[in-house]
Amino acid sequence: MMASQMGSLNALEQERGNPFWRRWLEGDLASADTTGRVYCGLEVEGLRLALRRVYTRLKRNKALRGRHGFSVLIVDGHESSSSYLRCCAGCLQRHIQTSGGERIQYYHRQVMALLSLDRFPLLLDVEDQRHGEDEIAAALRLLERVLHYYPRAFQVVLGDALYLRANMFQLLLAHGKHGIAVLKDETRDLWQDVCGLFPLEQPILEVCGRTERRLWDISGLESWKSLKVKVRVVRSLETKTLTRQRTGRKEKQTSDWMWATTLPADQVSASAIAQLGHDRWLIENRALNEMVTYWHGDHVYRHHPTAIIAFWLTLFLALNLFRAFVSLNIKPARRARHTELYFAKVLFSALHEETFHNRSP
Ligand SMILES: [Zn+2]
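Per chain, residues are indexed from 1 in the order of the written sequence. Given that this is a predicted model, residues contribute local features only at a pLDDT of at least 70 and side-chain atom pairs are listed and counted only at 80 or more, while totals for whole chains, interfaces and linings are drawn from all residues.

Draft legend 1. Quick peek at the overall build of the protein chain. Working definition: helices are DSSP H or I runs of at least four residues, strands are E runs of at least two. Numbering for both runs from the N terminus. Scanning the protein chain from terminus to terminus reveals 11 helices and 10 strands. C-alpha extents for the protein chain along the principal axes are approximately 80 × 50 × 50 Å. Partly exposed residues are those whose C-beta has more than 12 but fewer than 20 other C-beta atoms within 10 Å; with 20 or more the residue is buried, with 12 or fewer it is exposed, and the C-beta atoms are placed from the backbone. Expressed as a percentage of its 361 residues, the buried residues of the protein chain come to 28%.

Draft legend 2. Summary view of the pairing of strand S1 (residues 72-83). What makes two strands pair is DSSP finding at least two bridges between them. Taken together, the 11 bridges between S1 and strand S3 (residues 101-116) define a ladder with antiparallel strand orientation. Bridging from a neighbouring strand, Val-75 pairs with Ala-113 of S3. Across three bridges, S1 lies against strand S5 (residues 156-159) in parallel orientation. Across the sheet, Val-72 pairs through a bridge with Val-156, a residue of S5.

Draft legend 3. Spotlight on the environment of Phe-20. With respect to the helices and strands, the residue Phe-20 is situated in helix H2 (residues 19-25). According to the C-beta neighbour criterion, Phe-20 is partly exposed, with 16 such atoms within 10 Å. On a C-alpha basis, the gap between Phe-20 and Gln-170 in space is 50 Å, while along the polypeptide they are 150 residues apart. Note on contacts: each residue gets a C-beta atom placed from the backbone, and two residues are in contact if those atoms are within 7 Å. The contact partners of Phe-20, leaving out residues within four places of it in the chain, are Leu-351 and Glu-354.

Draft legend 4. Inspection of helix H8 (residues 270-293) at higher detail. To estimate how far a helix should extend, the number of its residues minus one is multiplied by 1.5 Å. Spanning 24 residues, H8 covers 34 Å between terminal C-alpha atoms, matching the ideal 34 Å at 1.5 Å per step. Axes are fitted to the seven residues ending at a residue and to the seven starting at it; the angle between these axes is taken as the bend at that residue. The axis of H8 is deflected most strongly, by about 30°, at Glu-284. Considered for burial, the residues of H8 that qualify are Ala-270, Ile-273, Ala-274, Leu-276, Asp-279, Arg-280, Ile-283, Ala-287 and Met-291.

Draft legend 5. Main features of the packing of helix H3 (residues 32-40) against helix H9 (residues 305-329). Between N-to-C directions, angles span 0 to 180 degrees; the directions come from axes that are lines fitted to C-alpha atoms, helices contributing only their stretch in contact. Between H3 and H9, the least distance of the axes is 7 Å, while the angle of their chain directions is 100°. With respect to H9, the axis of H3 lies roughly perpendicular. Seen from H3, the contacting residues are Gly-36, Tyr-39 and Cys-40; seen from H9, they are Thr-306, Ala-307, Ala-310 and Phe-311. Throughout, the ten residues Ala, Val, Leu, Ile, Met, Phe, Trp, Tyr, Cys and Pro are labelled nonpolar, Asp, Glu, Lys and Arg are labelled charged, and all others, Gly among them, are labelled polar. Class assignment for the residues of the contact of H3 with H9 results in five nonpolar, two polar and no charged. An angle below 35 degrees is treated as roughly parallel, one above 145 as roughly antiparallel, one from 65 to 115 as roughly perpendicular, and anything else as oblique.

Draft legend 6. Region of the structure containing the nonpolar core. Residues Leu-73, Val-75, Leu-114, Leu-124 and Ile-273 are the most contacted members of the largest nonpolar core, which totals 72 residues. Dropping the residues within four chain positions of it, Leu-73 is found in contact with Ala-113, Leu-115, Val-146, Phe-154 and Val-157. Here, a nonpolar core means buried Ala, Val, Leu, Ile, Met, Phe, Trp, Tyr and Cys residues linked by C-beta atoms lying within 7 Å of one another.

Draft legend 7. Representation of the pairing of S5 in the model. Of the two faces of S5, both are covered, the one formed by Val-156 and Leu-158 as well as the one formed by Val-157 and Gly-159. Bridging between S5 and strand S6 (residues 178-182) involves four bridges; their strand directions are parallel. The residue bridging Leu-158 from the neighbouring strand is Ile-180, located in S6. Handedness of the crossover joining S5 and S6 through helix H6 (residues 166-174) is recorded here as right-handed. Orient the strands so they point away from the viewer, and a crossover whose first-strand-to-second-strand path over the helix runs clockwise is right-handed.

Draft legend 8. Highlighting unusual backbone geometry. Located in the positive-phi region is Lys-228, a residue other than glycine, with phi close to 60°. In this fold, Lys-228 is placed in the loop between strand S8 (211-221) and strand S9 (231-243). Using a count of 11 C-beta atoms within 10 Å as the deciding quantity, one classes Lys-228 as exposed. Notably, His-296 is not glycine yet its phi reads approximately 55°, a positive angle. The residue His-296 is located in the loop between H8 and H9 in this model.

Structural data, given as structure tokens:
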């Protein structure tokens, strides 16, 4: 259902007459209702172990290569669904001002962990944000599990500005890992400290295509007191030259980036930190936005706390297998001619065709 982008249990139920299921399941396909009910009581650890098995197999087959020579884990929060009407025991709540007065909105938020790889992002795990906690509390729970299941899968964890927290970095350092997080809070001592130092340092100039990058790299900063470890800040002031299509005029666009990290300067260059930092956007777009736009990631198949997590993990498994298949089994020449979505459609048509030909008149 997920790999062929059907998008609902009812759409899957339409395919029940397909002999494909008898061959593969050695029995009938369950009804939409039964599948939903089973997912509410599913033991999700089994799905996590299945995800790890896929990772281990790909690793053994040497099919996993990091980007820019690093194995990086990206952690990010995502709001998956919201409703004024439906709620469950796992729903978060917020008060929203509407034209009809204040109303309670119910919603779900998850934190996801994925490996940034050169061929495709490998989705590893997901954790629900619970009542009364923030995203970091859920992320810490997620990271502890990921560190346990995948102790050697990554060297660095990358997160947005929210992840610049002492407890997050301490957990990583305790496991021999490093963190990179966006630094943008002007009220932080670290931000003020490092901004005072930039005018004293000569930036490195780098030109990459139409982007000119001035890089500052300052190590040994002690102003993040709660971490009790010296940190390094990399700043990238980037100027991109764009040509306006209508007027043909050249325009310059500037953006200013800062990342705080525990990665030592003698091991990883400032340029690599900036590249890894920017990768977060690319991966977030590829992994999260695509999952929602094309793979029905936000669809609530069954509104129940266990079912929601179990369906996310099933989607992770389906996408990892599907992407591994497309990038490793299909001949490069054929793969280059088509998008990933094309192969999902081929999968669906193959399945659907079999149903169509076998339907009794
Ligand atoms: Zn709910």
